[in-house]
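Below are the chains, spelled out letter by letter.
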Amino acid sequence: MKKNQIKIFIQFAVFLAFILSPLHAIAQKDKGEISGRIVDKNAEAVPYVAVAIKGTTIGQYANDKGEFKISAVSSGNHTLSVSGVGIETKEIAISIAAGKITNLGDIIVENSVNLGEVAIIGKSRARQQQEQAYAITVLDVKNLYTSLPSINKALNTVTSVRVREDGGLGSNFNFSLNGFSGNQVKFFLDGIPMDNFGSSFNLSNISVNMAERVDIYKGVLPVNLGADALGGAVNIVSRKDANYLDAAYSIGSFNTHRASINGAFTDKTGFTLRANVFYNYSDNNYKVYAPIMDLSENKFVGNQWVKRFHDKYESGGIKFETGIVNKPFADYLLLGIIASKNDGDVQTGATMDAVYGGITSESQSMIPSIRYKKDDLFIEGLSLSFYGAYNHVKSYKTDTISRKYNWLGESVESGKIGERSAATESKITNKEWQTNTNLSYMLDLHNSLTINHVYSSLDRKLFDKRDPNNESNQFPQNLTKNIIGLGWMATYERWNANLFIKNYNTDSYTYKKVDQFTENERFEKIQNDKTSIGYGGAFAYFILPSLQAKLSYEKTFRLPESHEMFGDGLYQTANADLKPENSSNANLGIMYEHILGQHTFMLETNFIYRDTRDFILKEVSATSNPTSGYKNIGKVLTKGIEGSLRYKWKQLLHASVSLTYQDIRDKQKFEEVDNSYVGEGNRIEHINYGYRLPNIPYLFGNGNVGLRFQNIGMKDSELSIDYMANFVAEYYLSLPGLGAVYNKDLIPEQFSHDASISYSIKKGKYNVALECTNFTDQKLYDNFFLQKPGRAFNVKFRYFLK
């Protein structure tokens, strides 16, 4: 058994020892439970207020119906405290009997703050997250269940975020946050890293209907996420409803079909089932303005509008969990599996200068997992959570036909096998063990400590049927990470703060050909074992009840991921010499909310500073068969500002506008050049010094306005009308420091418009929505002049039962 697997099983054994310990049962037998509902004087539910046992660390927030249930309360007499913004703190004497549930019924609370005509009572989960010390944007997606099909599209409305796609449904995408992109930004599903879930289970495939909210961290991360992110993270928080069914189907332009089923079942014994299923298909045969080659004379004859002809995409997957919840020994203990698959045609290379008619790709993922969580483990205030998984992901690339294509769909014999440089039927196999263990302790009602350990070990193998004896594919590759974090958090009425320290340890090895074209040409093993220390903190303070300021700083590290170092076997080149990135990040933010009668205004702004060394940048080669690859830029400095303004009137009208400016410049003045014509170890001036990094937007924004009409046509119905605009200023495709101004490739300024209308009846049980994206039919680009779809129509049907 491998050493890394032994570590996994040791962790798992410790975990089992915790949950099966008879000591825990002894600790629980003299405890009881209390339940109730928080209401106002009109018997209306008051959601999201804090309910706690005074003098202990036991408590929780009421749910959206004002209901609460607190477990593991010691028998005897206690005082229950109910508090929240906008209500008077209320204390109630209660008596707890061992092994019994004490139902307190309705607890009436009084308003303490009245602003204009509207009293603020309680806060949503999303707003509570927003007020943390971290630079965080919380996207509450519940209002998007009817209209938006994917989480990717929802994220594109957030300040500083650009989800940059190569094309239509299923195309490669690059998530950019404050100029950081790719694996510099980490993705989580309920706090679980999605790094190696595979391309078939990612943000563009899974439905927005599976999520309750999405937390976007723009810098410092909570210790419990435990990642080596360089510039932030995205955490998808799935729905927590005990029992529900949400089914949706959409059909649209380019023969696009999307379907999803999300649901949960929990019985009185605590047995639960949870499932999220999705299916996507598209021909992606939209029109593009493409360069046309005359194949008979092998010359360029101009650009024209043509349909994409080799870009079909299909994907499907399921995330399933079953187990028990709300037991004395576990808040939840769940066994799960993720199974997903996708198949896609490959129409272009890294730019539209290359066009293919027979290249295909495929990915398969199989991920069994176990999750466990228990609050008040053995003692009050001690919480343990554990996640363990085995990620088995296979990726296939096939290029075997002897043809050369142009954008008209015409082809001629190429005289060689494979449309690119050589034929391939490659298979990349990734096998990864992964755990995340989190232990936290409430020192008192205001202070807590957290320790987190994230472990992953990925083995990667490449095999090519067309070249089975290729020496470079005979060597195994491995990337192992251990990240340990320790954090302290303090939460008071007007301020909260976090301090943390992290230890990053990585051990990786691969092989590289050295001394090429000489008698000593050979493969050498390249191994890196690095340990780094990161640290930081975050602080938030309410200057006024409606005005909050935030400040955060961190020193953080990220090592290259496997695909960045090893390539993809098709059109992304390998670079085994990639060095780890490190960055000093600072954020200063202001959030202001003002309620005047039935009008609500919210203003948020954030100043960004990033000093990054050995920045990993994706570049494209300027050849007839373009490839992309990753390289280090010695020093990159980012300064930026983002802002958003939101407005709401009653439940009828809402509007928002956001704008992001990020100045990301290459600040490495000199570089060392080895084996040059003018000698070795020469220090030369860096040609792109002082210029912005290419292929990264520096100015972009979006705006939206929506109307909600109640009881239109029938009782308990809602009619919604929404409009959204997106803007991106022009930016350079290639290095701006090279060539004359008139000869540089520019991605032009882009302005796109979307609109939708939806109608729901019977309190949202039945829903239908019609959406038109890019309705002005603009030419849109995100990456390397790879054109995105023009005007498209989609209709979505949804059924919801709770």
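Residues numbered from 1 in each chain as written. Predicted model: local features only at pLDDT ≥ 70, side-chain atom pairs only at ≥ 80, totals over all residues. Heavy atoms only, no water.

A closer look at the overall build of the protein chain
Keep this limit in mind: Think of it this way: any DSSP run of H or I at least four residues long counts as a helix, any run of E at least two long counts as a strand, and we number them from the N terminus. For every residue, the accessible area (1.4 Å probe, protein chains only) is compared with the maximum for its type, and the residue is labelled buried under 20%, exposed over 50%, or partly exposed between those bounds. By definition in these notes, contact holds between two residues if any of their heavy atoms fall within 4.5 Å. Here the open area of atoms and residues is found with the Shrake-Rupley method and a 1.4 Å probe, where only the protein chains shown may cover a residue.
When its secondary structure is counted, the protein chain shows five helices and 47 strands. Per-residue burial for the protein chain yields a buried fraction of 51% across its 802 residues. Taking the intrachain contacts of the protein chain between residues at least 6 apart in sequence as the baseline, contacts between residues at least 24 apart amount to 65%. By element, 56% of the accessible surface of the protein chain is carried by carbon and sulfur atoms, the whole surface being about 35,900 Å².

Some remarks on the sheet that holds strand β5 (residues 76-83)
Condition: For two strands to count as paired, DSSP must find a minimum of two bridges between them. For every element, the axis is a line fit to its C-alpha atoms; helices are fit only across the contacting stretch, and the angle between N-to-C directions ranges from 0 to 180 degrees.
What the four strands build is an open sheet, ordered β3-β2-β5-β6; its pairing is antiparallel. Both outer strands of the open sheet, β3 (59-61) and β6 (90-96), are each paired with one neighbouring strand and no more. The sheet shows a mean angle of 20 degrees between the axes of neighbouring strands, direction not considered. Inspection of the sheet shows strand β2 (residues 50-53) paired to β5 by four bridges, in the antiparallel sense. Across the sheet, V51 pairs through a bridge with V82, a residue of β5.

With respect to the environment of D106
Selection rule: Here a polar contact is taken to be a pair of N or O atoms separated by no more than 3.5 Å, where protein atoms must pair a possible hydrogen donor with a possible acceptor and residues adjacent in sequence count only if both atoms sit in side chains.
Looking at the element boundaries, D106 is found in strand β7 (residues 101-108). With 40 residues separating them in the primary sequence, D106 and G66 have C-alpha atoms 9.3 Å apart. Residue contacts for D106: discarding those within four places in its chain leaves R37 and V39. Of the polar contacts made by the side chain of D106, one reaches the side chain of R37; its length is 3.0 Å.

Here we look at the side chain of D283
Note the threshold: Think of it this way: Lys and Arg go in the positive column, Asp and Glu in the negative one, and His and the chain ends go nowhere. Salt-bridge detection follows one rule: a side-chain nitrogen of Lys or Arg within 4 Å of a carboxyl oxygen of Asp or Glu.
With respect to the helices and strands, the residue D283 is situated in the loop between β20 (271-282) and β21 (287-294). Lacking a salt bridge, the buried D283 has K312 as its closest oppositely charged neighbour, with an N-O distance of 4.6 Å. At a separation of 3.1 Å, a polar atom in the side chain of D283 contacts the side chain of N255. A distance of 2.5 Å separates a polar atom in the side chain of D283 from a polar atom in the side chain of Y281. Beyond its immediate sequence surroundings of up to four residues, D283 is in contact with F254, N255, D311 and K312.

Here we look at a nonpolar patch on the surface
Here is the rule we go by: Patches draw on residues past 30% relative accessible area with no salt bridge. Two like charges within 9 Å are joined, as are two nonpolar side chains (Val, Leu, Ile, Met, Phe, Trp, Tyr) within 5 Å.
Taken together, L439, I451, I484, L486, I501, I533, Y535 and Y553 make up a surface patch of nonpolar side chains, about 680 Å² in accessible area. Going through the elements one at a time, β31 (477-491) and β33 (522-544) are the ones with two or more residues in the nonpolar patch. Note that I484 resides in strand β31. With a relative accessible area of 41%, I484 lands in the partly exposed category.

Digging into the sheet that holds strand β12 (residues 173-177)
The three strands lie next to each other as β11-β12-β13, forming an open sheet whose pairing is antiparallel. The open sheet has two edge strands with one neighbour each: β11 (161-165) and β13 (180-181).

Concerning the nonpolar core
Convention followed: Residues enter a nonpolar core if they are buried and are Ala, Val, Leu, Ile, Met, Phe, Trp, Tyr or Cys, with the set joined through side-chain atoms within 4.5 Å.
Within the largest apolar cluster, 41 residues are counted, with the highest numbers of intra-cluster contacts made by I151, L155, F175 and I216. Non-local contacts of I216, meaning those with residues more than four positions away in its chain, are made with A135, I136, T137, L139, L155, V158, V161, L177, A233 and V234. One finds V51, I53, I58 and V82 within the second-largest nonpolar core, a separate group that totals 18 residues.

Considerations on the packing of aromatic side chains
Using the following cut-off: Any two of the Phe, Tyr and Trp rings considered here, Trp counted by its six-membered ring, make a pair once their centres fall within 6.5 Å; the pair's planes then place it as stacked at under 30 degrees, edge-to-face at over 60, or tilted in between.
This model, assessed by the stated rule, comprises 15 aromatic pairs. Consider the rings of F175 and F187, whose centres lie 5.0 Å apart with planes at 85 degrees: the pair is edge-to-face. Residue F175 is located in strand β12, and its partner F187 is located in strand β14 (residues 186-189); the two are separated by twelve residues in the primary sequence. Each member of the pair F175 and F187 is classed as buried.

Topic: the side chain of D399
Within the element layout of this structure, D399 appears in strand β26 (residues 382-399). Of the side chains with opposite charge, R420 comes closest to the buried, unpaired D399, at an N-O distance of 5.1 Å. Contact partners of D399, with chain neighbours within four places excluded, come to I359, G418, E419, R420, A422, A423 and T424.

Details of the pairing of β14
Here β14 shows a buried face lined by K186 and F188 and a second buried face lined by F187 and L189. Note: β14 against strand β17 (residues 233-238), four bridges, orientation parallel. Its bridge partner lying in β17, F187 is registered against V234. The antiparallel pairing of β14 with strand β15 (residues 192-193) creates a hairpin that spans two residues between the two strands, and D190 there sits at a positive phi of about 55 degrees.

Points about the pattern of salt bridges
Under the definition given, this model contains 33 salt bridges. Residue E362 is joined to K341 by a salt bridge in which the shortest nitrogen-to-oxygen separation is 3.5 Å. Taken together, the residues E362 in strand β25 (residues 360-374) and K341 in strand β24 (residues 330-345) connect sequence positions 21 residues apart. By relative accessible area, E362 is classed as partly exposed at 23%. A salt bridge links E425 to R466; the shortest N-O distance between them is 3.0 Å. Taken together, the residues E425 in strand β29 (residues 424-442) and R466 in the loop between β30 (447-464) and β31 connect sequence positions 41 residues apart. Taking the relative accessible area as the measure of exposure, R466 reaches 40% and is therefore partly exposed.

Side note on unusual backbone geometry
In most cases, non-glycine residues show a negative phi, while peptide bonds are predominantly trans. Despite not being glycine, N284 has its phi angle at roughly 50 degrees, a positive value. Phi is positive for K762, which is not a glycine, with a value near 55 degrees. The topology assignment puts K762 in the loop between β45 (750-761) and β46 (766-773). On the basis of relative accessibility, which here comes to 54%, the residue K762 falls in the exposed class.

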